[in-house]
Amino acid sequence: MAEKKKKKRKGITTKAKKKEAVARAIVRKGVGTIRINRRELSTIQPLYVQEFIREPIELAGGITGEINIDVIVEGGGSMGQAVAARAAIAKGILEYRHDDKLKKRFLSYDRMLLVDDPRRVEPKKQLGPKARKKKQKSKR
C-alpha cells in the first residue's frame, strides 16, 4: 500500500478565529488572486460579505498585485467565517510586508483585523432552555 504524502504548502501561513469558525490563510508570491475555500473572492455572495472580506486588501494598497492568498475556513456560520477569513488575510499581509505603518493602519481602522475574538458560546445549564434563561416560577 502506497500512502499519499500530504503536500507541504509553501508560503506564509496565518490563522484567525471567530466563535467556532477557524480560517487558515496561505500568502505567497503570485499575481493577485484571492481564493476562499477554492472559490474566487469575486464569486462570494452576498456582495456586502465580499466587500467586508476585501477591506484588509484595500487598506494594504498596491501589494495585492504581487501576492496570492488562499484561505481555508471551517466551522461556524457564514458571517463568523467571513470575519475569520478577513482577519487571516490581514495577518498574512502584515506578516508578508513587516510594515509598522500598515499595522497601525489596520489597528486604527478595526482592531478585529489583527486580534482574534475570545468570546465563545456559553454552555447550556440544567433547568432551562439556554445558558442563562431558566423556567419561570409560579408564585401561586
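First, a word on what this report is: a plain description of the structure on this page. (Residues numbered from 1 in each chain as written. Predicted model: local features only at pLDDT ≥ 70, side-chain atom pairs only at ≥ 80, totals over all residues. Heavy atoms only, no water.)

Moving on, we come to the nonpolar core. Ile36, Ile69, Val71, Ile89, Ile93 and Phe106 are the most contacted members of the largest nonpolar core, which has 32 residues in total. Of all the elements in the fold, those that place two or more residues in this core are strand S2 (21–29), strand S3 (34–36), helix H1 (47–60), strand S5 (67–74), helix H2 (78–97) and helix H3 (100–109). The element contributing the most residues to this core is H2, with nine residues. Residues in contact with isoleucine 69, not counting those within four places in the same chain, are Ile26, Val27, Thr33, Ile34, Arg35, Ile89 and Ile93. (Core = buried A, V, L, I, M, F, W, Y, C linked by side-chain atoms within 4.5 Å. Buried < 20%, exposed > 50% of the residue type's maximum accessible area, 1.4 Å probe, protein only. Helix = DSSP H or I, 4+ residues; strand = E, 2+ residues; numbered from the N terminus. Contact = heavy atoms within 4.5 Å.)

This part covers the packing of H2 against H3. As a packed pair, H2 and H3 sit with axes 10 Å apart at the nearest point and diverge in direction by 160°. Between H2 and H3, the angle is such that the two are roughly antiparallel. Pair H2 / H3 crosses with left-handed handedness. Contacts between H2 and H3 involve Arg86, Ala90, Ile93, Leu94 and Arg97 on the former and, on the latter, Leu102, Lys103, Phe106 and Tyr109. (Axes fitted to C-alpha atoms, helices over the stretch in contact; angles between N-to-C directions. Parallel < 35°, antiparallel > 145°, perpendicular 65-115°, else oblique. Left-handed = near helix turned anticlockwise from the far one by under 90°.)

The next point concerns the side chain of arginine 86. Counting through the fold element by element, arginine 86 comes out in helix H2. Within polar-contact distance, the side chain of arginine 86 engages the side chain of glutamate 55 at 2.6 Å. Apart from residues lying up to four places away in sequence, arginine 86 is in contact with Phe52, Ile53, Glu55, Pro56, Tyr109, Asp110 and Leu113. (Polar contact = N/O pair within 3.5 Å; in protein donor to acceptor, adjacent residues only side chain to side chain.)

On inspection of all chains with the given rule, the structure shows zero aromatic pairs. Against the face of phenylalanine 52 rests arginine 86, its NZ or CZ located 4.2 Å from the ring centre. (Phe/Tyr/Trp six-rings, centres within 6.5 Å; stacked < 30°, edge-to-face > 60°. Lys NZ or Arg CZ within 6 Å of the ring centre and 35° of its normal.)

Attention now goes to the pairing of strand S1 (residues 12–18). With seven bridges connecting them, S1 and S2 associate as antiparallel partners. Its bridge partner lying in S2, alanine 16 is registered against alanine 23. What sits between S1 and S2 in their antiparallel hairpin is a turn of two residues, with lysine 19 showing a positive phi close to 55°. (Pairing = 2+ DSSP bridges.)

What follows deals with H1. Between the first and last C-alpha of H1 there are 20 Å, a value that for 14 residues agrees with the 20 Å anticipated at 1.5 Å per step. Of all the bends found along H1, the most pronounced is centred on arginine 54 and spans about 40°, while proline 56, a proline, follows it within four residues. The inward-facing, buried residues of H1 contact S3, H2 and H3. Two residues or fewer after H1 comes glycine 61, characterised by a positive phi angle close to 85°. (Expected span 1.5 Å × (residues − 1). Bend = angle between axes of the 7 residues up to and from the residue.)

Along any regular strand the residues' side chains alternate between the sheet's two faces. Inspection of the sheet shows S2 paired to S5 by eight bridges, in the antiparallel sense. Pairing of isoleucine 26 across the sheet is with aspartate 70, part of S5.

Considering all chains together, one arrives at 11 salt bridges under this definition. A salt bridge links aspartate 116 to lysine 91; the nearest nitrogen and oxygen atoms lie 3.0 Å apart. Here aspartate 116, found in the segment after H3, pairs with lysine 91, found in helix H2; they are 25 residues apart in sequence, far enough to count as distant. For aspartate 116, a relative accessible area of 26% translates into the label partly exposed. (Salt bridge = Lys/Arg side-chain N within 4 Å of Asp/Glu carboxyl O.)

Geometry only, nothing functional implied.
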